[in-house]
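Next come the chains, spelled out residue by residue.
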Amino acid sequence: MKLNVDVLRYLSKDDFRVLTAVEMGMRNHEIVPAELVDRIASLKHGGTYKVLKNLLKHKLLHHDSSKYDGFRLTYLGYDFLAIKTMVNRGVFMAVGRQIGVGKESDIFEVATEDGTILAIKLHRLGRVSFRAVKSKRDYLRHRTSYSWLYLSRLAAIKEFAFMKALEEHGFPVPRAVDCNRHCVVMSLVQGYPLVQVKELQNPETVFERIVGLVVRLAEHGLIHCDFNEFNIMIDDDEKVTMIDFPQMVSVDHRNAQMYFDRDVECIFKFFSKRFNMSFQESLDDIDGSEVDTDESGRPRFSSIEKGAGFLDKELAASGFTRKDQEDMEKCIEGGIEKDAGSGEEESEGGGHSSDSELNESYISGVVSLQLQEQEEQTLNCDGEGRVEENQQNSEVRQSQTSGPETQDASDKEEDNQTMNDDDAELMKRLRKQNRRAIASVRGGRKTVASRNSYKDKGGKSSHNSKMQKQLSGW
Ligand code: ADP
Ligand code: MG
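Because the structure is a prediction, the values reported are computed rather than measured.

Engineer: Tell me about the coordination of the magnesium ion (ligand 2), and name the residues and values.
Structural biologist: Surrounding the magnesium ion (ligand 2) are the protein donor atoms Asn231 (OD1) and Asp244 (OD), which sit 2.1 Å from the metal. Of this pair, Asn231 sits in the loop between β10 (222–223) and β11 (232–234) while Asp244 sits in the loop between β12 (240–242) and β13 (249–250); the two residues are 13 residues apart in sequence, bridging distant segments of the chain. The two residues Asn231 and Asp244 agree in class, both being buried.

What follows is the structure, given as structure tokens:
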């Protein structure tokens, strides 16, 4: 499967409307019944099933009939929604070549209207740590909105928030430009990952700068947790830029010491192997920071004066809540801990999911994404709960996404902005109807997936007419 953005240009307004409807349905359904997609999309001239077929053909959706007939977004479908939103926002207008494949992401070049080249990171949480996520099922069982989609989006929000905060505190990181769904847009870092650098003019200076970053992060209350030669970029002037922040934790984390020591160890090991450096002498002045070191020259975590509140304050301001942080930590912790002590060569690049859908996405050549005006007027859900559409559809969306478990902070905020008092009563009614409709769908009764695959298994027609009645009031 290619991430062929050319397809984007040929997708119609209705295609995006239905794709967005599936995304909305996924807030409370792992697999969204086709009927629900049809209701949410409310295409003016009907034809949802034909559109679904087209989206399936382009692998933007996955069809699942194991429990009931329904659909879910694929990574590609999610990519397209994020890319289209960014293009509509004017953040960039063309997607170019793939420049990186991370453990849990794909990185592409994009071009803005004035020709500036930026980078986008499409998060693929679950690519390697899915097993770890699965092992946390007990915790996640009650979360209907749990899915790779939710986790990847959290990872992107977190990464964007950290990148911005770190930049503001003078850390050498890419400039955070924008974020939507699982996609982070940032400046393109000139240079190469340290792992590709065979020679340095001043290895000692670079080494001190890098160890200094680990120390300075801790002083700000943070530990990178994946600080290694794959996540440090070096340019021709040997300037260092650090990247990749979704797994960062606070110095208050119960395993903080272990994560800190591991980050330090990765750097010591790499410089010793690659540049034959030895560390007999204590580094008591690391890149301007005074820090206690042990007999092997490694900075002592316990001796670092750690800034309090950095994480909470900065992240709360960005909309990434403490609860999001806890959710992410619970979900990916297994992954972090699993990697502990293992060589980065193993954890990075290798061990990808067996799902070929996840591995083979790439873009070749630069494809312009100038979208037709007509497409830009399409149902425009930006993945953060904002839907610019007529009143009727925003009501449908809100009723679909209501409920404390499935509605996140940005949705709530948005709801507050868009709902006036008159709406509140209507919303209450809609939520009640929605709960009933969802309960009846969850009651194990099958729904219609497509006209072609319709099979009456008894009692369904009465169910359908019931759904029809409940939804007709929306
Ligand atoms: P992951 O979290 O999946 O490890 P990374 O953020 O580390 O993803 O990115 C993977 C690779 O993509 C990096 O090793 C680097 O080569 C490249 N990359 C990431 N961000 C940028 C950027 N802003 N500019 C240039 N290259 C980048
Ligand atoms: Mg990385």
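Engineer: Please provide a residue-by-residue account of the nonpolar core, values included.
Structural biologist: Soluble globular proteins: nonpolar side chains tend toward being buried together. Core analysis: the biggest nonpolar cluster contains 60 residues, and Leu166, Ile210, Ile223, Met242 and Phe271 have the highest contact counts within it. Those elements that place two or more of their residues in this core are α8 (148–168), β7 (176–180), β8 (183–187), α9 (203–219), β10, β11, β12 and α10 (256–275). Take this core: its biggest share by element is 10 residues, from α8. Counting residues in each nonpolar core, the second largest holds 47 residues, with Leu19, Phe71, Tyr75 and Ala82 among its members.

Engineer: Just give me the short version of the environment of Val215, but keep the residues and values in it.
Structural biologist: With respect to the helices and strands, the residue Val215 is situated in helix α9. Taking the C-alpha atoms as reference points, Val215 and Arg300, separated by 85 residues in sequence, lie 9.1 Å from one another.

Engineer: Please set out the sheet that holds strand β3 (residues 70–73) residue by residue, giving values where relevant.
Structural biologist: Judged by pairing direction, the sheet is antiparallel, and its three strands sit side by side in the order β1-β3-β2 without closing on themselves. The open sheet has two edge strands with one neighbour each: β1 (32–33) and β2 (61–64). On the sheet, helix α2 (residues 13–25) packs against β1, β2 and β3 and is oriented at approximately 95° with respect to β3. In this fold helix α4 (residues 48–57) packs onto β2 and β3, with an angle of close to 110° to the strand it touches most, β2.

Engineer: Before we move on, could you go through the site of ligand 1 and cite the residues and values that matter?
Structural biologist: Taken together, 20 residues lie around ligand 1, and Ser105, Lys121, Val189, Asn231 and Asp244 are the ones closest in. At 2.7 Å from an oxygen atom of ligand 1 is found a side-chain nitrogen or oxygen belonging to Lys121. Summarising the interface, the protein chains cover 93% of the accessible area of ligand 1, which totals 550 Å² for the free molecule. Looking at the shell around ligand 1, the elements with two or more residues in it are β4 (94–102), β5 (105–111), β6 (117–123) and β8. Broken down by element, the shell around ligand 1 gets its largest block of residues, three residues, from β4.

Engineer: So, the packing of aromatic side chains: which residues are in play, and what are the values?
Structural biologist: With the rule as written, the count across this model stands at six aromatic pairs. With a centroid separation of 5.8 Å and an interplanar angle of 85°, the aromatic rings of Phe270 and Phe271 are classed as edge-to-face. We note that Phe270, like Phe271, is buried. Of the residues examined, Phe271 reaches a relative accessible area of 0% and is grouped as buried. Through a chain of ring-to-ring contacts, the aromatic side chains of Phe207, Phe268, Phe270, Phe271 and Phe275 assemble into a single cluster.

Engineer: Explain the confidence of the model for the chain to me, using residue names and the numbers behind them.
Structural biologist: Any segment with low pLDDT has predicted coordinates that should not be analysed in fine detail. For the chain, per-residue confidence averages 72 on the pLDDT scale, and 60% of positions sit at 70 or higher. Taken together, the stretch residues 129–146 has pLDDT below 50 and engages in 30 contacts with residues farther than four places along the chain or on a different chain. Contacts for the low-pLDDT stretch residues 440–474, under 50 throughout, to residues beyond four places or in other chains number 55 contacts.

The rules behind the values
Residues numbered from 1 in each chain as written. Chains lettered and ligands numbered in written order. Predicted model: local features only at pLDDT ≥ 70, side-chain atom pairs only at ≥ 80, totals over all residues. Heavy atoms only, no water. Donors = N, O, S within 2.8 Å, 3.2 Å for Na, K, Ca; no water. Helix = DSSP H or I, 4+ residues; strand = E, 2+ residues; numbered from the N terminus. Buried < 20%, exposed > 50% of the residue type's maximum accessible area, 1.4 Å probe, protein only. Core = buried A, V, L, I, M, F, W, Y, C linked by side-chain atoms within 4.5 Å. Pairing = 2+ DSSP bridges. Contact = heavy atoms within 4.5 Å. Axes fitted to C-alpha atoms, helices over the stretch in contact; angles between N-to-C directions. Near = heavy atom within 4 Å. Polar contact = N/O pair within 3.5 Å; in protein donor to acceptor, adjacent residues only side chain to side chain. Areas by Shrake-Rupley, 256 points an atom, 1.4 Å probe, with all protein chains shown as cover. Phe/Tyr/Trp six-rings, centres within 6.5 Å; stacked < 30°, edge-to-face > 60°. pLDDT = per-residue confidence, 0-100.

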